[in-house]
Structure formats: structure tokens, C-alpha cells
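Spelled out from the first residue to the last, the chains are:
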Amino acid sequence: MRIPGPHDLLTAAVTVKDGVTDAADLWPRALDLIDRVEAMVGRGEALLDQAEELLAQAALTRAHVDEVADAAAETSARAAALVARAEALTAVGEQTLPRLQPMVEPLAALADKALPIASEVVASVERDEVLALVGMIDRLPEALLQIDRIAPDVHEILESVTDLAHAAQGLPGMGSLIRRGERKDDDD
């Protein structure tokens, strides 16, 4: 090992001085580099904030898209059910139409004749008349019950009147009274 001499020390001092000078020259560049790194970090943080906001918006959009997709799936299922019902009704109609057509054709001819008559009837009937007819129909069951109760009495009265008419024909002068009544009816 060699012991450093004055020359070595002087060389080392110059080298250290040059290194310090080089380091001093590097210092502004290092500060500039630190400023640039800080600016980049700031921009990176801003970009991260924007990315987080975009991710939140994307999550909301995804939730909305899921809702729309669910609603579309439900609508599609309902539409499929309606189409199935329509197809079933169409099949029934196709099966029924050949059987109904022979029945409908005579009705069409009848309708041509009946519609003018029906129009006249509708035009001539008043609301009060319809209401009165409905009321009469409503009371018809009660009237039928009363007819059933008085029918035997009416039958007895008719038998009595018939017997009385037979007895009256045997009375003297009854023939001339009958003829007189007939003449009076003819005059009226």
C-alpha cells in the first residue's frame, strides 16, 4: 500500500473541487427535474381523479343499461306472450272461419233487407216507450202468477155465462132482441 503524497492530495482536492462544481452544475437541473416530476405527479393525480369520475359515471351508465336491459327483456317476454296468444287466436279463427262462413252468408243477405226496417223501427221508438216495455217485462212474472190464481174463477164465470146464454135463448122474444142488437152493430 502506498501512502498518498502531496501530489495525490492535490489531485484529490482538484477532483473533489471538480465533483463539487459538477454537482453544483447539476443542482439546477435536479431542481428543474424535481419541478417537472411534481408537475407530472399533479397531472397524474388530475388524470386519476378524472379516471375515477369516469369510472363512477360508467358504473351509473352500466346500472342504467342493466335497468333498460331488464325492461327490454320484460317487454320482449310480454311481446312473445302476446304473439303466442295472437297465433293461437289466429289458429282458432282459421279453424272456425270455414264453419262460420256458410252461416254468415245468408245473414248478409238478410241484413240487406232487415237494416232498413230496423232503421225505421229505431227511428219510430221513443225512449219512454222502451222504458215502459222494460217495466212491463219486469212485471210479467208477477202478472203470470196472478193469472194462474184467477184462471179457475174466470173459467167458472165463462161456464156460468154460457149456461145463462143457453137459458136466455129459450126465453120468448129473445130471437128478436138478438136480431135487433145485430142490426144496431151493423149501423155503427
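In this text, all values refer to a predicted model and were calculated from it rather than measured experimentally.

Another aspect to go through is a negative patch on the surface. On the surface, Glu182, Asp185, Asp186, Asp187 and Asp188 cluster together into a patch of negative charge. On the secondary structure map, Asp187 appears in helix H3 (residues 174-187).

All right, on to a positive patch on the surface then. On the surface, Arg179, Arg180, Arg183 and Lys184 cluster together to form a positively charged patch. Among the structural elements, Arg179 can be located in helix H3.

A cluster of nonpolar residues, Leu140, Leu144, Ile147, Ile150, Val154 and Leu158, forms a patch on the protein surface that exposes about 550 Å² of accessible area. Locating Leu144 in the fold gives a position in helix H2 (residues 127-169). Overall, Leu144 belongs to the partly exposed group, its relative accessible area being 47%.

The next subject is the pattern of salt bridges. Inspection of every chain in the model, using the stated rule, returns 1 salt bridge. With a closest N to O distance of 3.2 Å, Asp66 and Arg62 form a salt bridge. Taken together, the residues span about one helical turn, with Asp66 and Arg62 both in helix H1 (residues 6-124) at a distance of 4 residues. Judged by relative accessible area, Arg62 falls into the exposed class, the value being 54%.

Let us now look at the confidence of the model for the protein. For the protein, per-residue confidence averages 85 on the pLDDT scale, and 90% of positions sit at 70 or higher. Taken element by element, the predicted model of the protein shows its lowest mean pLDDT in H3 (81) and its highest in H2 (86).

Procedures and definitions
- Residues numbered from 1 in each chain as written.
- Predicted model: local features only at pLDDT ≥ 70, side-chain atom pairs only at ≥ 80, totals over all residues.
- Heavy atoms only, no water.
- Patch = residues over 30% accessible without salt bridge, like charges linked within 9 Å, V, L, I, M, F, W, Y side chains within 5 Å.
- Areas by Shrake-Rupley, 256 points an atom, 1.4 Å probe, with all protein chains shown as cover.
- Salt bridge = Lys/Arg side-chain N within 4 Å of Asp/Glu carboxyl O.
- Lys, Arg positive; Asp, Glu negative; His and termini not counted.
- Charge placed at Lys NZ, Arg CZ, Asp CG, Glu CD.
- Helix = DSSP H or I, 4+ residues; strand = E, 2+ residues; numbered from the N terminus.
- Buried < 20%, exposed > 50% of the residue type's maximum accessible area, 1.4 Å probe, protein only.
- pLDDT = per-residue confidence, 0-100.

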